[in-house]
Amino acid sequence: MTAETYSAYAERTDEPRFTEWLRDQSQPDWDDAVSHRFVEELGAGTLDEDAFAHYLVQDYAFVGELVGTFGHAVGQAPDMTAKRRLVEFLDTVTDDEDDYFERSFAALGVDESRRQDPEPTPTTAAFVDLLGRAAREGGYAETLAVLVPAEWIYESWATAVATDHGDPDGPPSAGMGLPFYFAEWVDLHAVDSFVAFVNWLRGELDAVGPTLSPRRAARVASLFDRTVALERRFFETAYESAADGEVRP
C-alpha cells in the first residue's frame, strides 16, 4: 500500500473519487485479482472443474457472512433510499445466486455433506473474520470498505471476460460456449443490474470517504486493501485444495 493520503491524491486529480484512491492503494493485489489465472481460465472454459467446485463450496460458505455484513450496512445506511437499494441486492443474493449454487453443485457432483458443512480454508476463515470485524467494530464507511472491493472485483473481472469473449448482442456470456456453471457465474457479475449496483455502492463510499478523519480514512484503506488481498488469495486456494482432493469424495 502506498503512503499517499486521500487529500494528496485529490489535490493532483481533476475528478477525484475516494474509491479510485482506495484501488490505487491496494495495488498490485487489485490487478492480480481481476486478471487472475482463475478468472481467465473460467472465461476461456479451461478452468479445472475440481478447482471450480472447491471455489464454489468455499464461496457458498462465505455467502452467509456476506449477507450478514450487508444486513449491517442496511442498518448503518444514511437514508431509506440507500437501505432499500441494499435490501434489493440481498434479495438477489439469497434467491438467484442460491439457486445457481444448488444447480452447480449438482452438476459438478459435489457431495451434500461437503456443500452444507465445509471446513473453511484459512483464507475463507480470514475473510469471514474480516467481514465480521468491519461490520461490528466500525460504521458505514468501514462496512463499505469490505463490501465495495468484494463486489467491485467481481464486476471488474466478469465484465472484462464478457467484453473479451462474449457476444455484445446477447447476455454477457453469450457466444462463449461455456458450461452453465461458468457462463452464469460470469452473467451474474456482468449484467447491467449488477454493474449499476456496484457503481452505486462505490458512490456511497465516495460520498462518505472524504468526510473521514485522516486516521479513519487510513483504517478504511487498510480494510479495503486486506479485502483485495484475500480475494486474490481466494482464487489461488481453489487450485491448491483441488490438487489435495478436498472437494469431491
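Our structure's up above, just so we're on the same page.
Residues numbered from 1 in each chain as written. Predicted model: local features only at pLDDT ≥ 70, side-chain atom pairs only at ≥ 80, totals over all residues. Heavy atoms only, no water.

**What to know about the overall build of the chain**
- Counting its secondary structure elements, the chain contains 13 helices and zero strands.
- Counting from the amino terminus, helix and strand elements in the chain follow one another as α-α-α-α-α-α-α-α-α-α-α-α-α.
- Dimensions along the principal axes, computed over C-alpha positions, put the chain at roughly 50 × 40 × 35 Å.
- Relative to its 249 residues, the chain shows a buried fraction of 51%.
- Considering only contacts within the chain whose residues lie at least 6 apart along the sequence, 81% involve residues at least 24 apart.
- Carbon and sulfur atoms form 48% of the exposed surface of the chain, whose accessible area is close to 11,000 Å².
- Where the 20 positive side-chain charges of the chain centre and where its 48 negative ones centre are 7 Å apart. (Helix = DSSP H or I, 4+ residues; strand = E, 2+ residues; numbered from the N terminus. Buried < 20%, exposed > 50% of the residue type's maximum accessible area, 1.4 Å probe, protein only. Contact = heavy atoms within 4.5 Å. Areas by Shrake-Rupley, 256 points an atom, 1.4 Å probe, with all protein chains shown as cover. Lys, Arg positive; Asp, Glu negative; His and termini not counted. Charge placed at Lys NZ, Arg CZ, Asp CG, Glu CD.)

**Here's the deal with the packing of aromatic side chains**
- Enumeration over the complete set of coordinates arrives at 35 aromatic pairs.
- In this structure, Arg-37 packs its charged tip against the face of Tyr-239, placed 3.7 Å from the ring centre. (Phe/Tyr/Trp six-rings, centres within 6.5 Å; stacked < 30°, edge-to-face > 60°. Lys NZ or Arg CZ within 6 Å of the ring centre and 35° of its normal.)

**Details of the environment of Asp-50**
- On the secondary structure map, Asp-50 appears in helix H5 (residues 49-76).
- A relative accessible area of 30% places Asp-50 in the partly exposed class.

**A few points about the packing of H5 against helix H6 (residues 80-94)**
- Two elements in contact, H5 and H6, have axes separated by 9 Å at closest approach and are oriented at 165 degrees. Between H5 and H6, the angle is such that the two are roughly antiparallel. The two elements H5 and H6 meet at a crossing, and its hand is left-handed. Contacts between H5 and H6 pair Val-63, Val-67, Phe-70, Gly-71, Ala-73, Val-74, Gly-75 and Gln-76 from the former with Lys-83, Leu-86, Val-87, Phe-89, Leu-90, Val-93 and Thr-94 from the latter. (Axes fitted to C-alpha atoms, helices over the stretch in contact; angles between N-to-C directions. Parallel < 35°, antiparallel > 145°, perpendicular 65-115°, else oblique. Left-handed = near helix turned anticlockwise from the far one by under 90°.)

**As for the nonpolar core**
- Residues Phe-38, Phe-52, Tyr-55, Leu-86 and Trp-157 are the most contacted members of the largest nonpolar core, which totals 81 residues.
- Top contributing element to this core by residue count: helix H10 (residues 140-165), with 14 residues.
- Those residues in contact with Tyr-55 that sit more than four places away from it in its chain are Phe-38, Tyr-154, Trp-185, Phe-234, Phe-235 and Ala-238. (Core = buried A, V, L, I, M, F, W, Y, C linked by side-chain atoms within 4.5 Å.)

**Some words on empty space enclosed by the protein**
- Enumeration over the complete set of coordinates arrives at one cavity of 30 Å³ or more.
- One number sums up the size of the largest cavity: a volume of about 170 Å³.
- Lining the largest cavity are 16 residues; nearest its centre among them are Asp-59, Phe-62, Leu-66, Glu-151 and Tyr-154.
- Looking at the lining of the largest cavity, the element that brings in the most residues is H5, giving four residues.
- Taken together, the residues of the lining of the largest cavity break down into 11 nonpolar, one polar and four charged. (1 Å grid on protein atoms, 1.4 Å probe; cavity = no way out; pocket = protein on both sides within 12 Å on 5 of 7 lines; lining within 4 Å. Points joined across faces, edges and corners; volume = space filled by probe spheres on them. Nonpolar A, V, L, I, M, F, W, Y, C, P; charged D, E, K, R; others polar.)

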